[in-house]
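Residue-level structural notes
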Amino acid sequence: MNRARRGTTAGLSRRALLQGIGFGAGALALSACASRTEGSSAGNSATQGPGGIELARPGSPVSLPLYDDNQAIKSGLNPESGPLNVYCWTGTIPKKTFTSFEEKYGVEVRPTFYGAPDEALPKILAGSINFDVYECSMEQLPIFVANKVIQPVNHSYLTSYKSNVWDSLQSPWYDADASYTTPGSYWNTGIAWREDLLPDWDPASMDNPYDVFWELDGIAGKVQWYDYVRDGLGMMMMRNGVSDINSTDQADLDAAVDAFRELIDRTRVRLGTDAYQTLAQGTNWIEQAWGADIYFAEFYIPKEVDPKVLKFWAPDEGAIVTSDTWVISRKAKNPVAAHLWMNHLLEREHAVNMVQYSGLITPIEGMETENVIAEGLMSERLNTALPSRQQIENGVYHAPLSKEGETAWQNAWLAVKSNA
Amino acid sequence: MTTDSKRKGIRLPRPLAIFVWAYMVWNLLPVVAAMAFSFNATRSRSQWQGFSTQWWSGTPLSLFDNEEYTAALKHSLELAAMTTVISTVLGTLLALVVTRIRGVAKRPVNFILMIPIVTPELILAVGLYLSLTFITVWPFSVVELGTPAQVVGQVTYTVGFVVVIIRGRIAVLGDGLEAAARDLGAGPIAALVLVLFRLLMPAVLVGAMISFAFSIDNFVITQYLSSDSSTVSIPMYLYTNARGGNTTPALNALATVLVVTTLLAVALASLLYRWATRRESVASDVTGTVALSA
Amino acid sequence: MAERLAGREVKRLRSRRDPDSAYPRGFWHALGAPGFAWFAFWVLVPAYTIVAVSMGYVSDSMLPVPEWDPRYWNLETLRMVLGEMAPGGVFAKVVTNTVTYVAGAMVLCVLVGYPVAYYIAKQAGRWKVLLIVLLTIPFWTSYLMRMLAWIGLLATDGYVNRLLMGVGILDGPYGWLEGQSFVVVISLAYGYLPYFILPLLASLDRIDDRLIDAAKDLGLGKAGAFFKVILPLSKMPLIAACTVILLPMCGDFYTTTLMSGSPATAMIGNQIQVLAQGGPQQNVGASLALLLQLTLILLLSFYLYASSKSNKAVPA
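Residues numbered from 1 in each chain as written. Chains lettered and ligands numbered in written order. Predicted model: local features only at pLDDT ≥ 70, side-chain atom pairs only at ≥ 80, totals over all residues. Heavy atoms only, no water.

**Things to note about the overall build of chain B**
Formally: Helix and strand assignments follow DSSP, with helices taken as H or I runs no shorter than four residues and strands as E runs no shorter than two, numbered in order from the N terminus. Three labels apply to residues, based on accessible area from a 1.4 Å probe with only protein chains included: buried if under 20% of the type maximum, exposed if over 50%, partly exposed otherwise in between. The contact criterion used throughout is that any non-hydrogen atoms of two residues lie within 4.5 Å.
The number of helices and strands found in chain B is 11 helices and 0 strands. Start at the N end of chain B and walk to the C end: the helices and strands fall as α-α-α-α-α-α-α-α-α-α-α. Evaluated residue by residue, chain B yields a buried proportion of 58% over its 294 residues. Relative to all contacts within chain B whose residues are 6 or more apart in sequence, the contacts with residues 24 or more apart total 66%.

**Section: the pattern of salt bridges**
A side chain of one charge can pair with a side chain of the opposite charge if their charged atoms are brought near each other. Rules: The working definition used for a salt bridge is a side-chain nitrogen of Lys or Arg within 4 Å of a carboxyl oxygen of Asp or Glu.
Within this structure, the stated rule accounts for 19 salt bridges over all chains. Note that B:Glu78 and B:Lys74 form a salt bridge whose closest N and O atoms lie 3.9 Å from each other. Placement of both B:Glu78 and B:Lys74 in helix α2 (residues 67-98) is noted, with a separation of 4 residues, approximately one turn of the helix. In this structure, the salt-bridge partner of C:Lys128 is C:Asp205, at a minimum N-O distance of 2.8 Å. Residue C:Lys128 is found in helix α5 (residues 128-139), and its partner C:Asp205 is found in helix α8 (residues 181-205); the two are separated by 77 residues along the sequence.

**Re the confidence of the model for chain B**
All names here are of chain B. Worth spelling out the cut-off: The pLDDT value tells you how sure the predictor is about a given residue, anywhere from 0 up to 100.
Within chain B, residue pLDDT values average 83, and 88% of them lie at 70 or more. This model gives residues 1-6 a pLDDT under 50, and the stretch forms 5 contacts once residues within four places in sequence are excluded. Between residues 282-294, whose pLDDT stays under 50, and residues either more than four places distant or in other chains, the model counts 28 contacts.

**Here's the deal with unusual backbone geometry**
The omega torsion of the bond from A:Gly82 to A:Pro83 falls at -5°, within 30 degrees of zero and hence cis. Going from B:Trp138 to B:Pro139, the amide bond is cis rather than trans, its omega being 0°. With respect to the secondary-structure elements, B:Pro139 resides in the loop between α4 (121-134) and α5 (147-173). Of note, A:Lys148 is a non-glycine position whose phi angle comes to about 55°, a positive value. Tracing the backbone through its elements, the reader meets A:Lys148 in the loop between α5 (141-146) and β4 (150-151).

**Here's the deal with empty space enclosed by the protein**
Rules: Using a grid of 1 Å spacing that covers the protein atoms alone, one calls a set of points a cavity when a 1.4 Å probe fits there but cannot get out, and a pocket when the set is open and has protein on both sides within 12 Å along at least five of seven lines; lining residues are those with an atom within 4 Å of a point. Grid points are joined across faces, edges and corners, and a volume is the space filled by probe spheres set on the points. Note on residue categories: nonpolar means Ala, Val, Leu, Ile, Met, Phe, Trp, Tyr, Cys or Pro, charged means Asp, Glu, Lys or Arg, and polar means any other residue, Gly included.
Scanning the entire structure with this criterion turns up 5 cavities of 30 Å³ or more. Along its surface, the largest cavity is lined by 20 residues, and A:Gly221, A:Thr283, B:Arg243, C:Leu177 and C:Glu178 are the ones closest to its centre. Across the lining of the largest cavity, the residue classes tally to 7 nonpolar, 9 polar and 4 charged.

**Digging into the pairing of strand β2 (residues 109-114) of chain A**
Moving residue by residue along a regular strand, the side chains alternate between the two faces of the sheet. Inclusion rule: Note: two strands are recorded as paired if DSSP finds a minimum of 2 bridges between them.
Where strand β1 (residues 84-89) of chain A lies against β2(A), 6 bridges are found, and the strand directions are parallel. Along β2(A), the bridge assignment pairs A:Trp89 with A:Tyr114.

**Describing the interface of chain B and chain C**
Heads up, the condition is: Accessible area that two parts lose when put together, with a 1.4 Å probe and added across both, is what the buried area reports. Between N or O atoms, a polar contact is any pair within 3.5 Å; within protein, one atom must be a potential hydrogen donor and the other a potential acceptor, and residues adjacent in sequence are included only when both atoms are from side chains.
Tallying the contact residues gives 111 residues for chain B and 114 residues for chain C. Of the roughly 10100 Å² buried at the junction of chain B and chain C (both faces included), carbon and sulfur atoms supply 73%. If you look at where chain B meets chain C, you find 0 salt bridges. Across the contact surface, chain B and chain C share 10 residue pairs in polar contact (both at pLDDT 80 or more). Residue contributions to the side of chain B that touches chain C peak at 15 residues, all from helix α1 (residues 15-37) of chain B. Here the residues of the side of chain B that touches chain C are counted per class, giving 77 nonpolar, 20 polar and 14 charged.

**Quick word on the nonpolar core**
Applied cut-off: We call a set of buried residues a nonpolar core when its members are Ala, Val, Leu, Ile, Met, Phe, Trp, Tyr or Cys and they connect through side-chain atoms within 4.5 Å of each other.
Counting residues in hydrophobic clusters, the biggest one holds 231 residues, and the most contacted among them are A:Ile191, A:Phe213, A:Trp225, A:Leu233, A:Ile286, C:Ile120 and C:Phe196. If near-sequence neighbours (up to four positions away) are discounted, C:Phe196 is found in contact with C:Cys109, C:Val110, C:Gly113, C:Tyr114, C:Leu238, C:Ala241, C:Cys242 and C:Ile245. If you look at the next biggest cluster of nonpolar residues, it comprises 95 residues, including A:Ala338, A:Trp341, A:Leu382 and A:Tyr397.

**Comments concerning the interface of chain A and chain B**
Each partner contributes to the interface: chain A provides 18 residues, whereas chain B provides 17 residues. The interface formed by chain A and chain B contains 2 residue pairs in polar contact (both at pLDDT 80 or more). Those elements that provide at least two residues to the side of chain A that touches chain B are α2 (24-37), β2, α4 (117-125) and α10 (275-281) of chain A. With 3 residues, α2(A) is the single largest residue contributor to the side of chain A that touches chain B. In terms of residue class, the side of chain A that touches chain B is built from 9 nonpolar, 5 polar and 4 charged.

Put into structure tokens, the structure is as follows:
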């Protein structure tokens, strides 16, 4: 690569030339690109992500770098008048949570929703979304930190963090000391199926239940997988016996693509994000899904079908668990209110609303799946659909990738989507 | 005349007529059926189970009572209103100017005006999206993704068609009337306003209606330049929910509104055109329709 | 005829004076400025941006950086994308799908659309106006609505399956919407036929009936007149109508997503749509868009060349 050259001499002479001929647009774009690349530094590119930030893994936590020109707000400020712009995943935050925040703090909340984190990322980086606080996937964190898109948090506003949040998350692996984030919600990824349509299948009968998509006959056209690169390829790796779902080993990725190719040939698998609806309608019989999907599906299932037929499986050990975080925009107009919002989400009231609204677990004491079911907040039959404590503690997580790794993953996913 | 007076050309066997009518049925029946399903008594969009208006209004999930639908309806109408005004004004001015351009500029100008018409919408959308996200100077910096970008995209897509329609009208009129008005003592600009704009009015109205219809129906550009769920238009909503999604017959009701609005706009356009040009005999039905379509 | 004459009468009022001389200097430029600025900003610059992003690179922070200066254009991505289109490459299947689906849909359009257009133009008699109105309705009906309509009918419990099972053609419900290539092709044809038929109809309508009568008088039979007179005269209109639908079809991604959703039926539009929206492969998306656009420009110039040649050969 000739990146080094581009950054220095060529860049300078080009800029001089462009300014010389008064090509304003080009010059501005160039200065923009200069500022975009300045976060880069020499280092081991395989273990480092954007901006030279080490790649966090559950076993090896990472402190996200703090910058002098990007400081947290001062303590003891009064909340702004709002409205607070909340940018979150569509269908996750219950309406009750918005209204209770408005009542409590007198700050109007204006939510905007994204359909998937992949869709939100470029819009945020391009600056085309105005938000105060954002529901952020943890693999995106280093990108936002390195590009100084988000600001550190001031824990003096986050009183519920220390008192309510699980001990294991007081200093999370993806953001040691929680300098930029507060935890969002937890869910598990596995296999959802309709027991009435596939009466003979039982995951307990298989050594590797992930193999079901390749083993079961008569499911062609009735299969769906997530149209998300990390979920899709990650579970494919699990099926292939690769326990590190953040592997950037080309052989692992190639094997995952091969497995997908076989699956496409065998079942013409559909890629989508509406697993709960297609399962409820019976257009699909078996799918890669999130546990919460079978809870969602209950709202869409025809009256004559018993919701009990919606089944979900994920392994107790080494399940794919996903969680997200909340972060504050560096350009937030309401940073204090944003802190209060994050604090609000770590209170029991929201956690109860959340699990009942979207089937997601908020990581605060007393809201573990076991308790939620024991207290009757959720039906017993959703036991497998909510991430258990064991799954959360011993699960595998999507984590940030290096630039080369990210490119390899994107290429692999492109190959899947192109059926190559 | 040796041929049958009613049928021109070569008589092909009867099956052709059957084929044509079969095509019409194939073409139209599904749409009619989909509209009918908006009146279904149950949640199903594929099995008819009795008549009801519950998906239109009166229940929380119905078209006029559910915020998701009303927001999409409102957003689509907003976009269409802005697009119609801007592209009609720009299109009219451009059409007037383009017919006057002589010399070297003529070919490149005509070429540029044709670009949006002969480019797949997806590529127009990608180009606009990339320039809005990568360029940080005016005017790109002030047009945010969402409503402003969607209007810019829709106008860019429609204005070429408006120019084509109005140019066609100018070509029919020629510049004689304007000159005649000047000869009678009107100043050049007064002549332009008095004569040309009055005579161009029918075409301008048609252009406006066509922009409206294009905007309401537009999917690719509108989707690509949207920012979040507050800038979802009706076609975008249909696309996201057609296969899984919010699959009640209210979706069919939403689609029905879309279809009826567009058809009304186009019908109005063609009626207005006929009324305004009633003293001239213009081209036949076919060319008229195609002028609308081209 | 009368109509044409009426038009000519108006035209004859054309004066010999140069119409522009009467206006103040720069009047027309001022009038046209907003429109031209609009096209410059929102058509030309975006086109250039696609090129710049395609020729750019990806920064260490995984952000695509466009290259605005042609002297530093990086052709690597474009070359890579082209290479991946070759057999065995990532885009090979997508390109094959696009070409076969578009070609298949186009053949269907010709097979269905031409007879329909011909019948309405020349033989419909008193039904002509009604038929044209019936053709105009789908033309102005949202494309997505027309797909939505078929999704309802083709659903597992939809009326198509029930009809076919009712008459005994199918034993059980068929999964039409489950990644079937032929369903995508038929859907494309269904979707684009209205845009194909109307322009074709207009051109066929203009074929002079006297030519046909003359052919018959010369002793050519029905079939002979059709093949020797009408078909050759239909050639350019057919090519024109094909061009009208070729352009949007090549950028189509929604039809296959709605009617299948499986990677097995992905078209090039799907890849452009996903890749160009963001992420570290935006330059790949831009390169695909650029290549598609260049291909279409090539095809379009061929069409323009052919039509200008045929215009010279047969004075209209």
